Amino acid sequence: MKIKEAQATEIFVLDCNVDGELKTFKIGNRSITKFEYDYESLKTFIEVAKTNIYDFVMLSAEETTSPRGVEMKLHVRENEEEETWEVWSWGVGGNHPRFIASFESEEEAEDDIFTRTFNYDFEEDDQRDTCYYSSEEDAIEAKLELLSEWWGVSEDTAKSIIHHQEVKDDIEAQRESDRVEAQRLKREEEEARINESALFYSEMINAKKESYKETCTRLSVAIGSKIEKKVFHAAVKIIRKK
C-alpha cells in the first residue's frame, strides 16, 4: 500500500489513555496496557477512535538520535549528483548511517519507508495494541469483547455496564453544559445592566479632547456622589467614544 492510499483509508482503533499506575499484559495476541481501575471505571479510558492506516502504522516507526535530534531511524536523502532519492538509516544511536535503497522520486522513497515500517516495526510491535478495524461497528464490538473478557463478565453484562456509564457521563456533561450556559446568561445580564446604567450617566457631560483622568474628574463632579465602579468607568468609555 502506498502512502496516499494509506492516508485515505479510514480505520477505527481502541484508544487507551489514562494517568496512573499502568500494567502491560496480554489478551490473545494483544499487548494491552491496563490501568488498575475498578471495572466500572475501566470504560472511561477505552474509546473507539478514528484515524487512518498511515498515521496508525507510523506510530510504530523506530526512532533514534541523529545530528538533527530525535527522529525516525529511516529517512530520505536527496542525491543531487545522481538525481535520485535515497532511503537511509541512522543506525544505532545515530552514529552508523547506512544506505538502504535508491529511487527516482521522493514519493517512491517515502513509500518504501512506509512499507518497511509496516513490515518490520508495525507488525512486530509488541508495545501497543496494533489491531484496527474497517468500521466503527466492528471496533465497538471488539471493545465489548475486550471488556467482557477483561472484567470476567458476559457481553450482555459488559454492555449494561457501558450503557449505565454512558448515561452517567451524559448526565454529567449536560449538568456542566447547563452550568456554563447559566454563567453565560448571568454574565450577559450583568453586562446589560452595567451598560444601561452607564448610558444614563454618560449623558451628563459632553465629550472633550482630554485625558481619561480628566474625563473621570468631570463625570464625578457631574454625578455628585459615588456610584458603582464598573458603571462609572463604562460611562467614561462611552463618553470618550462620542
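Note that the coordinates shown come from a computational prediction; the quantities given were computed from them, not determined experimentally. (Residues numbered from 1 in each chain as written. Predicted model: local features only at pLDDT ≥ 70, side-chain atom pairs only at ≥ 80, totals over all residues. Heavy atoms only, no water.)

J.: What should I look at first to understand a negative patch on the surface in this one?
T.: On the surface, a cluster of negative charge is contributed by E136, E137, D138, E141, E145, E149, E155 and D156. Where the negative patch is concerned, the elements lending two or more residues are α5 (136-151) and α6 (155-202). Broken down by element, the negative patch gets its largest block of residues, 6 residues, from α5. With respect to the helices and strands, E141 occurs in helix α5. (Patch = residues over 30% accessible without salt bridge, like charges linked within 9 Å, V, L, I, M, F, W, Y side chains within 5 Å. Areas by Shrake-Rupley, 256 points an atom, 1.4 Å probe, with all protein chains shown as cover. Salt bridge = Lys/Arg side-chain N within 4 Å of Asp/Glu carboxyl O. Lys, Arg positive; Asp, Glu negative; His and termini not counted. Charge placed at Lys NZ, Arg CZ, Asp CG, Glu CD. Helix = DSSP H or I, 4+ residues; strand = E, 2+ residues; numbered from the N terminus.)

J.: How do you make sense of the nonpolar core when you look at a structure like this?
T.: In summary, soluble globular proteins display a tendency toward joint burial of nonpolar side chains. By size, the foremost hydrophobic cluster in this structure holds 14 residues, and its most contacted members are I46, Y133, L146, L147, W150, W151 and I162. For this core, the secondary structure elements donating two or more residues are β1 (10-16), α5 and α6. In terms of residue count, α5 provides more of this core than any other element does, 7 residues in total. Formed by 13 residues, the second largest nonpolar core is a distinct cluster that contains I194, Y201, I223 and I239. (Core = buried A, V, L, I, M, F, W, Y, C linked by side-chain atoms within 4.5 Å. Buried < 20%, exposed > 50% of the residue type's maximum accessible area, 1.4 Å probe, protein only.)

J.: So what exactly am I meant to see when it comes to the sheet that holds strand β7 (residues 74-79) here?
T.: Two strands in a sheet stick together by hydrogen bonds in their backbones, pointing the same way (parallel) or opposite ways (antiparallel). Overall, antiparallel pairing links the 3 strands, which are arranged β7-β8-β9 in an open sheet. A single partner strand is all that each edge strand has here, and the edge strands are β7 and β9 (98-103). Across the sheet, the axes of successive neighbouring strands diverge by a mean angle of 30°, strand direction being ignored. Sheet strands touched by helix α4 (residues 106-122): β7, β8 (84-89) and β9. Its angle to β7, the strand with the most contacts, is close to 160°. (Pairing = 2+ DSSP bridges. Axes fitted to C-alpha atoms, helices over the stretch in contact; angles between N-to-C directions. Contact = heavy atoms within 4.5 Å.)

J.: Which parts of the structure should I look at to understand α5?
T.: Along an α-helix, residues three or four apart share an orientation, since each turn contains 3.6 residues. The end-to-end C-alpha distance of α5 is 22 Å, a good match for the 22 Å that 16 residues give at a rise of 1.5 Å each. Looking one or two residues past α5, G152 carries a phi angle of roughly 75°, positive in sign. (Expected span 1.5 Å × (residues − 1).)

J.: Looking at this structure, I do not really get the side chain of S148. What am I missing?
T.: Checked against the element boundaries, S148 lands in helix α5. A polar side-chain atom of S148 sits 3.4 Å from the main-chain amide nitrogen of E155. Residue contacts for S148: discarding those within four places in its chain leaves V153, S154, E155 and A158. (Polar contact = N/O pair within 3.5 Å; in protein donor to acceptor, adjacent residues only side chain to side chain.)

J.: Mind showing me how you'd approach the environment of K4 here?
T.: Turning to its location among the elements, K4 is positioned in helix α1 (residues 3-8). On the basis of relative accessible area, K4 is assigned to the exposed category, the value being 61%. The spacing of K4 and E107 is 103 residues in sequence and 9.6 Å in space, taken between C-alpha atoms.

J.: I'm lost on the environment of E86 in this one. Help?
T.: Following the sequence through the fold, E86 ends up in strand β8. What makes E86 buried here is its relative accessible area of 12%. With sequence-adjacent residues up to four places away left out, E86 is seen in contact with H75, V76, R77, N79, F99, A101 and S102.

J.: Help me out: how do you make sense of the packing of aromatic side chains in this one?
T.: The geometry of an aromatic ring pair comes down to the distance between the two centres and the angle between the two planes. One pass over the structure, following the stated rule, counts 7 aromatic pairs. Ring geometry for F56 against Y132: centres 6.1 Å apart, planes inclined by 75°, an arrangement best described as edge-to-face. One end of the pair, F56, is in helix α3 (residues 53-58); the other, Y132, is in the loop between α4 and α5, and 76 residues separate them in sequence. A residue is classified by how much of its surface remains accessible, and Y132, at 33% relative accessible area, is partly exposed. With centroids separated by 6.4 Å and ring planes inclined at 40°, the aromatic side chains of F122 and Y132 adopt a geometry described as tilted. Taken together, the residues span a long stretch of sequence, with F122 in helix α4 and Y132 in the loop between α4 and α5 at a distance of 10 residues. In this structure an aromatic cluster arises from ring pairing among F56, F118, F122 and Y132. The aromatic ring of W90 is capped on one face by R77, whose charged end is 5.0 Å from the ring centroid. (Phe/Tyr/Trp six-rings, centres within 6.5 Å; stacked < 30°, edge-to-face > 60°. Lys NZ or Arg CZ within 6 Å of the ring centre and 35° of its normal.)

J.: Looking at this structure, how should I read the pairing of β7?
T.: Remember that side chains alternate between the two faces of the sheet whenever the strand is regular. Sheet analysis places β7 next to β8, joined by 6 bridges and oriented antiparallel. Paired with L74 across the two strands is S89, which belongs to β8. The turn linking β7 back onto β8 is made up of 4 residues, and E83 within it adopts a positive phi angle of 55°.

J.: Could you clarify how one ought to interpret the side chain of D129 in this entry?
T.: Mapped onto the elements of the fold, D129 is located in the loop between α4 and α5. Here the side chain of D129 touches C131 through a polar contact of 3.1 Å, landing on its backbone nitrogen.

J.: What's the story with the packing of α5 against α6 in this structure? I'm lost.
T.: When two helices pack together, their arrangement is captured by the angle between the axes and the distance separating the axes. Closest axis-to-axis distance for the α5/α6 pair is 9 Å, and the angle between their directions is 105°. Relative to α6, the element α5 lies roughly perpendicular. The residues of α6 that touch α5, namely those facing E141, K143, L144, E145, L147, S148 and W151, are E155, A158, K159, I161 and I162. (Parallel < 35°, antiparallel > 145°, perpendicular 65-115°, else oblique.)

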